[in-house]
Amino acid sequence: MDAVKRKEIAAAWKSRRPNMGVFAVTCTATGDVFLGAAVDTDRAMNGVRARLDGGLHRCKQLQALWNEYGAEGFEYEVVELLEYDDPNDVGPDDLEALLALVAERRPETARL
């Protein structure tokens, strides 16, 4: 790969705007809903799924449901996105605050 192409790829990566926000993982069999926040909700489920498939998720209740119902027993959705101008201006506290607001509106949920 030449230097020009490498610079273009690096610039595109730096200027991308990931979907930051709150996502939900729902067990369709039981209706249990688990909320999480991520700096990139599009990639968040891949990490959640990898930990669940490996039996290593820290949320024991979610892991038990996953073990019982498998991947096909779950749905993933983005619940709310954080609006921002510059990704560098968003910190963990911003995502935590958004997660707390969503959890307050949906008290039946558990947090990841």
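Worth saying up front: this structure is predicted, and the values here are computed from it rather than measured.

A. Region of interest: a negative patch on the surface. A grouping of Asp85, Asp86, Asp89, Asp93 and Asp94 is seen on the molecular surface, where their side chains present a negatively charged patch. Classification of Asp85 by relative accessible area gives exposed; the value is 74%.

B. Region of interest: the confidence of the model for the chain. Considering every residue of the chain, the mean pLDDT works out to 92; 98% of them sit at 70 or more. Taken element by element, the chain is modelled with least confidence in helix α1 (residues 3-15), mean pLDDT 78, and with most confidence in helix α3 (residues 60-69), mean pLDDT 98.

C. Inspection of the side chain of Asp40 at higher detail. Its place among the elements puts Asp40 in the loop between β2 (33-38) and α2 (41-53). We classify Asp40 as buried; its relative accessible area is 10%. Excluding residues that lie within four positions of it along the chain, Asp40 makes contacts with Arg16, Pro18 and Asn19.

D. Representation of the nonpolar core in the model. Judged by nonpolar contacts, the single largest core of 15 residues is most densely connected at Phe23, Val25, Phe34, Val48, Leu62, Phe74 and Leu112. Secondary structure elements with two or more residues in this core: β1 (21-27), β2, α2 and α3. If one sorts the elements of this core by residue count, α2 sits on top with four residues. Sequence-distant contacts of Phe74, defined by excluding residues within four places in its chain, comprise Val25, Thr26, Cys27, Thr28, Leu62, Leu65, Trp66 and Tyr69. Counting eight residues, the second-largest nonpolar core is a separate cluster that includes Ala24, Val33, Leu99 and Val102.

E. Structural view of the environment of Thr28. In this structure, Thr28 sits in the loop between β1 and β2. Overall, Thr28 belongs to the partly exposed group, its relative accessible area being 44%. Separated by 47 residues in the primary sequence, Thr28 and Glu75 place their C-alpha atoms 6.9 Å from one another. Sequence-distant contacts of Thr28, defined by excluding residues within four places in its chain, comprise Gly73, Phe74 and Glu75.

F. Geometry of α2. Taking 1.5 Å per residue as the helical rise, α2 with its 13 residues ought to reach 18 Å, and the 19 Å between its terminal C-alpha atoms agrees with that figure. Every buried residue of α2 is accounted for by Thr41, Ala44, Met45, Val48 and Leu52. Buried residues of α2, viewed axially, fall in a sector of 95°; they line one side. Looking at α2, the residues exposed on the side facing more than 90 degrees away from the buried face are Asp42, Arg43, Asn46 and Asp53. Close packing links the buried residues of α2 with β1, β2, α3 and β3 (74-81). Sitting at the head of α2, Asp40 places a side-chain oxygen 3.2 Å from the backbone nitrogen of Asp42. At the C-terminal side of α2, Gly55 shows a positive phi close to 75°.

G. The arrangement of the packing of aromatic side chains in detail. Applying the stated criterion across every chain, the model contains two aromatic pairs. Taken together, a centroid distance of 5.5 Å and an interplanar angle of 40° make the contact between Phe23 and Tyr76 tilted. With a gap of 53 residues between them, Phe23 in strand β1 and Tyr76 in strand β3 connect regions that are remote in the sequence. Under the relative-accessibility criterion, Tyr76 is labelled partly exposed at 28%. Note on Trp66 and Phe74: the rings are 5.0 Å apart at their centroids and 35° apart in plane angle, and the pair reads as tilted. For Phe74, a relative accessible area of 10% gives the class buried.

What counts as what
- Residues numbered from 1 in each chain as written.
- Predicted model: local features only at pLDDT ≥ 70, side-chain atom pairs only at ≥ 80, totals over all residues.
- Heavy atoms only, no water.
- Patch = residues over 30% accessible without salt bridge, like charges linked within 9 Å, V, L, I, M, F, W, Y side chains within 5 Å.
- Areas by Shrake-Rupley, 256 points an atom, 1.4 Å probe, with all protein chains shown as cover.
- Salt bridge = Lys/Arg side-chain N within 4 Å of Asp/Glu carboxyl O.
- Lys, Arg positive; Asp, Glu negative; His and termini not counted.
- Charge placed at Lys NZ, Arg CZ, Asp CG, Glu CD.
- Buried < 20%, exposed > 50% of the residue type's maximum accessible area, 1.4 Å probe, protein only.
- pLDDT = per-residue confidence, 0-100.
- Helix = DSSP H or I, 4+ residues; strand = E, 2+ residues; numbered from the N terminus.
- Contact = heavy atoms within 4.5 Å.
- Core = buried A, V, L, I, M, F, W, Y, C linked by side-chain atoms within 4.5 Å.
- Expected span 1.5 Å × (residues − 1).
- Arc of directions from axis to C-beta.
- Polar contact = N/O pair within 3.5 Å; in protein donor to acceptor, adjacent residues only side chain to side chain.
- Phe/Tyr/Trp six-rings, centres within 6.5 Å; stacked < 30°, edge-to-face > 60°.

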